[in-house]
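# A structural walkthrough
Take a look at the letters that make up each chain.
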Amino acid sequence: MRFVDIIEKKREGCGLSTEEIRYWIQAYTAGDIPDYQVSALLMAIVLNGMDLRETTDLTMAMMHSGDVVDLSSIDGVKVDKHSTGGVGDKTTLALGPMVAACGVKMAKMSGRGLGHTGGTLDKLESIRGFNCFLDQETFIRQVNAIGLAVIGQSDRLVPADKKLYALRDVTATVASIPLIASSIMSKKLAAGTDVIDLDVKYGDGAFMQTPQEAVALAETMIQIGNSLGRRTRAMITDMNEPLGRAIGNALEVREAIDTLRGHGPEDFTELCLTAGSVLLTEAGASEDREKARKQLEAVIADGSALEKLRAMVKAQGGDVSQIDDPDRLPKADHVTPVLSRTTGYVKELRAMRLGTLAMQIGAGRATKEDEIWPEVGIVLNKKVADKVEKGEILAWVHHRKPLGSQWLKALEDGFVIVPEKVSRPDLIYKML
Ligand code: URA
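Report follows, based on the coordinates. In this text the structure is predicted, and so the values were computed from the model without any measurement.

A few words now on the packing of aromatic side chains. Within this structure, the stated rule accounts for one aromatic pair. Aromatic pair Tyr202 and Tyr429: ring centres 5.9 Å apart, planes at 70 degrees, arrangement edge-to-face. Here the residue Tyr202 occupies a position in strand E4 (residues 195–202), and Tyr429 occupies one in strand E13 (residues 428–431), the gap between them amounting to 227 residues. Overall, the relative accessible area of 40% leaves Tyr429 in the partly exposed class. Sitting above the plane of the Phe268 ring, Lys90 keeps its charged end 5.2 Å from the centroid.

Moving on, we get to the pairing of strand E3 (residues 148–152). For a regular strand, side chains alternate in direction, first toward one face of the sheet and then toward the other. Within E3, five of the five residues are buried, which leaves the element mostly enclosed by the surrounding structure. By the alternation rule, side chains of E3 split into Leu148, Val150 and Gly152 and Ala149 and Ile151, which are all buried. Strand direction decides the pairing type here: strand E2 (residues 105–110) and E3, joined by five bridges, are parallel. Opposite Met109, over in E3, you have Ile151 as the bridge partner.

Near the ligand you find Tyr165, Arg168, Ile180, Ser183, Ile184, Lys187 and Phe207, and these make up its full shell. With respect to the ligand, the side chain of Arg168 contributes an N or O atom lying 2.9 Å from an oxygen atom. Protein burial of the ligand: of its 240 Å² of free accessible surface, 89% is covered by the chains. The element that contributes the greatest number of residues to the shell around the ligand is helix H9 (residues 177–190), accounting for four residues.

Bringing the sheet that holds strand E11 (residues 393–399) into the picture now. Taken together, four strands build an open sheet; the order of strands is E6-E9-E11-E7 and the sheet is antiparallel. Strands at the two margins of the open sheet, each flanked by one partner only, are strand E6 (246–247) and strand E7 (334–339). Of the strand pairs in this sheet, strand E9 (residues 377–380) and E11 are connected by four bridges, and their pairing is antiparallel. Residue pairing across strands places Val379 opposite Trp396, the latter belonging to E11. Across the sheet, helix H16 (residues 351–363) lies against E6, E9 and E11, angled at about 140 degrees from E9, the strand it touches most. Against the sheet, helix H17 (residues 405–413) touches E7, E9 and E11, its axis set at about 50 degrees to E7.

What counts, and at which threshold
- Residues numbered from 1 in each chain as written.
- Predicted model: local features only at pLDDT ≥ 70, side-chain atom pairs only at ≥ 80, totals over all residues.
- Heavy atoms only, no water.
- Phe/Tyr/Trp six-rings, centres within 6.5 Å; stacked < 30°, edge-to-face > 60°.
- Helix = DSSP H or I, 4+ residues; strand = E, 2+ residues; numbered from the N terminus.
- Buried < 20%, exposed > 50% of the residue type's maximum accessible area, 1.4 Å probe, protein only.
- Lys NZ or Arg CZ within 6 Å of the ring centre and 35° of its normal.
- Pairing = 2+ DSSP bridges.
- Near = heavy atom within 4 Å.
- Polar contact = N/O pair within 3.5 Å; in protein donor to acceptor, adjacent residues only side chain to side chain.
- Areas by Shrake-Rupley, 256 points an atom, 1.4 Å probe, with all protein chains shown as cover.
- Contact = heavy atoms within 4.5 Å.
- Axes fitted to C-alpha atoms, helices over the stretch in contact; angles between N-to-C directions.

Structure representation (structure tokens):
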């Protein structure tokens, strides 16, 4: 098979055969096809697309490019959730303990943050001593014992995606439904759980700009997951404003703890209850989503969800005193309030900008090598539709280094304030 013929075929808008897709992924993972040829194919896919059969073949080929985790020694149904990435998205930290406290096992492999979106591992590592790198046997033992473990993805899981994603990142070929769907689903399928709930985000801080694009991506991923025997569901959610109020690693851990104590932000709590009710129902732990929601509310109210977070942190070597007393989490030397220059209502809270600004002061990475400062970030005092008086606090910035005037100006510009009343946006656009 000549790779140039495969590129040409896709350039002409034709479908690739199962064999051609397998050859591409195997040979590229083995280092037998140069990046410049794969870049050309990726661009042809961005421009001409792939149908569902090709996308499923690509997903399977990628999934089998490395280890496939066998979770069969964990009793019962195992669930996973995946977010396509957002700003302030600390869902796993609260949702995992909530579903585990309801008796459903979450075996989760997570990633690090890059660019304006945060990563679950970075958040967990702001807890002193927390170990994200358990071997498979320890991971399985922990899920069996306490119903919950969150670890980093091993390098042997879907190595094809590592190479392809790095290439897509620098060749303007990330934005493609077949490429995103196969990248996400190959990792979810290789991670071995029975139930997958996808949170597909749209808006300013997300990969997909419109809800319609997010639905198209979600439908592709659902069809791939279901056709390969995993119960796959999705919710389409708004990422035009950050989720919750905290952006930044230790700040987000604190917000997840607050949520498990029953006083988290409204939007974040709602997202956790909605995702949790999907997982409990699909796992067979609840008859319907309404009953599931009540179960989830009950484990927050009686403290058992928080106790699960504690158990996971303890099992993974973390300092539980920081869960008991979040004031012991890393704290910034400086906390600077940002005041509103006008009176009105918050119309927009630009998620991408806020995520990027948080990254610039050390909450995230512009490149993989960048160091994270766990204590820094932004805490929003106002969210979309809130009324603001001139001189009121819009947000607090937790920082290590002095903030430049341009940075502060950019943060202020992240809040669009208008004189007329604004209605609260719907967080959940659709459940699929
Ligand atoms: N997340 C992934 O894992 N892959 C993509 O292609 C996009 C988002």
